[in-house]
Amino acid sequence: MAAPFSDSGQTLEDFVETVYVHCPQCHQCAQVRRLPSDEEIILADDSGRQSSWRFRRSFSSRKLSCLHCSYTSIWKGTAQQKGGPYDWYFGLPLWLQTPCCGEILWAFNEEHLSFLESYVTAKQRIKFHAQGRIRNGTMASRLPIWIKSAKNRDEVVKGIARLKGMLERS
Ligand SMILES: [Zn+2]
């Protein structure tokens, strides 16, 4: 039996350190990685300041690089384009996406896939509690209903397996 899924409070921002995308030049698998910056300070004394750190981290510079054709590009923008199966910085289609349950199942990288797998296969899901209250901004709480639905579990598990296969072939 699958282990219970326990929401540790991760948000989608926690998964954008590395994002696999379609290279704009050769259309094979390229990576968008966060470039470390000096101004990052982990402020962990209360949840509000933690999220302001998260905000800055998700806006730090990104480098797009393709090992297949050597294409590179740097993102230093201020506006992200969030939503759908695209990276937030260059707006490129995600490498890991597949039709599933009439929707598109997508993931940024292997950690994101593992997260989805542990969520979907769990028989029991434990909500995230911070300072005695349930936080609504976590990734688990924001997953679309079709991914959370028990009737779609088998299809979503198959979709995750397809995405894992893509990762192995990339
Ligand atoms: Zn390329």
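Predicted model, so just to flag it, every value in this text is computed and none were measured.

About the thresholds
- Residues numbered from 1 in each chain as written.
- Predicted model: local features only at pLDDT ≥ 70, side-chain atom pairs only at ≥ 80, totals over all residues.
- Heavy atoms only, no water.
- Helix = DSSP H or I, 4+ residues; strand = E, 2+ residues; numbered from the N terminus.
- Buried < 20%, exposed > 50% of the residue type's maximum accessible area, 1.4 Å probe, protein only.
- Areas by Shrake-Rupley, 256 points an atom, 1.4 Å probe, with all protein chains shown as cover.
- Phe/Tyr/Trp six-rings, centres within 6.5 Å; stacked < 30°, edge-to-face > 60°.
- Donors = N, O, S within 2.8 Å, 3.2 Å for Na, K, Ca; no water.
- Tetrahedral: all angles 85-135°; square planar, octahedral: opposite > 155°, others 65-115°.
- Core = buried A, V, L, I, M, F, W, Y, C linked by side-chain atoms within 4.5 Å.
- Contact = heavy atoms within 4.5 Å.

Draft legend 1. Inspection of the overall build of the protein at higher detail. Each helix and strand counted, the protein has five helices and 10 strands in total. Per-residue burial for the protein yields a buried fraction of 38% across its 170 residues. Accessible surface, the protein as shown: approximately 9600 Å² in total, 53% of it carbon and sulfur.

Draft legend 2. Looking closely at the packing of aromatic side chains. Inspection of the entire model under this criterion finds six aromatic pairs. Summarising the aromatic geometry, the rings of F15 and F115 are spaced 5.4 Å apart at their centres and angled 65 degrees between planes, so their arrangement reads as edge-to-face. One end of the pair, F15, is in the loop between strand 1 (5–6) and strand 2 (18–22); the other, F115, is in helix 2 (residues 110–121), with 100 residues separating them in the sequence. Each member of the pair, F15 as well as F115, carries the same accessibility label: buried. Taking 4.7 Å as the distance between ring centres and 70 degrees as the angle between the ring planes, the aromatic pair formed by W75 and Y89 counts as edge-to-face. Of the two residues, W75 sits in strand 5 (residues 72–75) while Y89 sits in the loop between strand 5 and strand 6 (96–100), which places them 14 residues apart along the sequence. Classification of W75 as buried rests on a relative accessible area of 8%. Relative accessible area serves as the criterion here: at 3%, Y89 is assigned to the buried category.

Draft legend 3. Representation of the coordination of the zinc ion within the structure. C23 (SG), C26 (SG), C66 (SG) and C69 (SG) make up the full set of protein donors to the zinc ion, lying at 2.3 Å. Around the zinc ion, the four donor atoms sit at angles spanning 105 to 114 degrees, and that spread fits a shape best called tetrahedral. Donor residues for the zinc ion, ordered by position in the chain, follow C-x2-C-x39-C-x2-C. Remark: C66 occurs in the loop between strand 4 (62–65) and strand 5 and C26 occurs in the loop between strand 2 and strand 3 (29–34); sequence separation between them is 40 residues. Among the residues examined, C66 registers a relative accessible area of 4% and is labelled buried.

Draft legend 4. Spotlight on the nonpolar core. Counting residues in each nonpolar core, the largest one holds 38 residues, and the members touching the most others are V21, L96, L105 and F115. Broken down by element, this core gets its largest block of residues, five residues, from helix 2. Sequence-distant contacts of V21, defined by excluding residues within four places in its chain, comprise Q28, C29, A30, V32, L64, D87, L92, P93, L94 and W95.

Draft legend 5. Structural detail: unusual backbone geometry. The phi dihedral of H27 falls on the positive side, at around 65 degrees, and the residue is not glycine. Secondary-structure assignment places H27 in the loop between strand 2 and strand 3. Even without a glycine there, the phi angle at C101 is positive, about 55 degrees. Positionally, C101 belongs in the loop between strand 6 and strand 7 (103–107). Its relative accessible area of 29% is what places C101 among the partly exposed residues.

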